[in-house]
Amino acid sequence: MKRNRLIGAVAIAFGALTLWSGGMVLFGPDAARVAAGRVVPFVLWFNFLSGAVYIAAGIGILQGRRFGKILASALAMALAVLFAAFLAAIAGGQEWETRTLGALILRLAFWCLAAWASVTTRPASLDARS
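Residues numbered from 1 in each chain as written. Predicted model: local features only at pLDDT ≥ 70, side-chain atom pairs only at ≥ 80, totals over all residues. Heavy atoms only, no water.

**Let's talk about the packing of aromatic side chains**
Note the cut-off: Side-chain rings of Phe, Tyr and Trp (the six-membered ring for Trp) are treated as a pair once their centres are within 6.5 Å; stacked means planes under 30 degrees apart, edge-to-face means over 60, and tilted covers the remaining angles. Put simply, DSSP marks the helices as runs of H or I at least four residues long and the strands as runs of E at least two long, and each gets a number from the N terminus on. Accessible area is worked out with a 1.4 Å probe on protein chains only. A residue is then buried under 20% of its type maximum, exposed over 50%, and partly exposed in between.
Taken as a whole and judged by the stated rule, the model has eight aromatic pairs. Seen in terms of ring centroids, F86 and W96 are 5.8 Å apart; in terms of plane orientation they differ by 85°. Their pairing is edge-to-face. A residue pair is termed long-range when its members are at least 10 positions apart, and F86 in helix α4 (residues 66–91) and W96 in the loop between α4 and α5 (98–120) qualify at ten residues. Its relative accessible area of 28% is what places W96 among the partly exposed residues. Here the aromatic residues F14, Y54, F110 and W111 are joined through ring pairs into a cluster of three or more.

**Re the pattern of salt bridges**
Keep this limit in mind: A carboxyl oxygen of Asp or Glu within 4 Å of a side-chain nitrogen of Lys or Arg is what we treat as a salt bridge.
All told, the structure shown has two salt bridges when counted by the stated rule. A salt bridge links D30 to R33; the nearest nitrogen and oxygen atoms lie 2.5 Å apart. Placement of the pair is D30 and R33 together in helix α2 (residues 30–36), with a separation of three residues, close to one helical turn. With a relative accessible area of 54%, D30 lands in the exposed category. Owing to a relative accessible area of 34%, R33 belongs among the partly exposed residues under this scheme. E97 is paired through a salt bridge with R38; the nearest N and O atoms lie 3.4 Å apart. Taken together, the positions of E97 in the loop between α4 and α5 and R38 in the loop between α2 and α3 (41–63) put the pair 59 residues apart, joining distant regions of the chain. Judged by its relative accessible area of 41%, R38 falls in the partly exposed class.

**Re helix α1 (residues 2–27)**
The cut-off we apply is this: Every helix has an expected span of 1.5 Å times one less than the residues it contains. Contacts are assigned to residue pairs with any non-hydrogen atoms lying within 4.5 Å of each other.
The end-to-end C-alpha separation of α1 is 37 Å, in line with the 38 Å expected for 26 residues at 1.5 Å each. For α1, the set of buried residues is N4, I7, G8, A11, F14, G15, T18, G22, G23, V25 and L26. Against the buried residues of α1 lie α2, α3 and α5.

**A word on the confidence of the model for the protein**
Threshold: Along the chain, pLDDT gives the predictor's confidence residue by residue, from 0 to 100.
Per-residue pLDDT for the protein averages 92, and the proportion of residues at 70 or more is 93%. Overall, residues 125–130 carries pLDDT values under 50, and its contacts beyond four positions in sequence, including any with other chains, amount to two contacts.

**Describing the environment of F67**
The residue F67 is located in helix α4 in this model. In this structure the C-alpha to C-alpha distance between F67 and A57, which are ten residues apart in sequence, comes to 7.2 Å. Residues contacting F67, with those up to four places away along its chain left out, are A56 and G60.

Here it is as structure tokens:
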């Protein structure tokens, strides 16, 4: 289905960008760390490590495989927990950047949409009978 191809492709691109940007802040030049500002370490590490999972989920969604649906749903749930932990951290006085909040909202919204879209898609064999 076209919807899953789009979501899968976006997930793969999102994963690659997440690995690159997180890797630059974690392992790149000092200028990248300075440009990142007041990072929240557990958010940064989660986002970096989840980049590979984004790519795997995207591949699974593209292929219409069950593991793509499972990973998309797991990512949505894990990001909801991460978002709650982030809010608790900033309520406790953790310094943070506004763009971190925006990035978390974007990631959570995307993976909720991806999970919903992948689990509501009927297999191609059922579409052919309609």
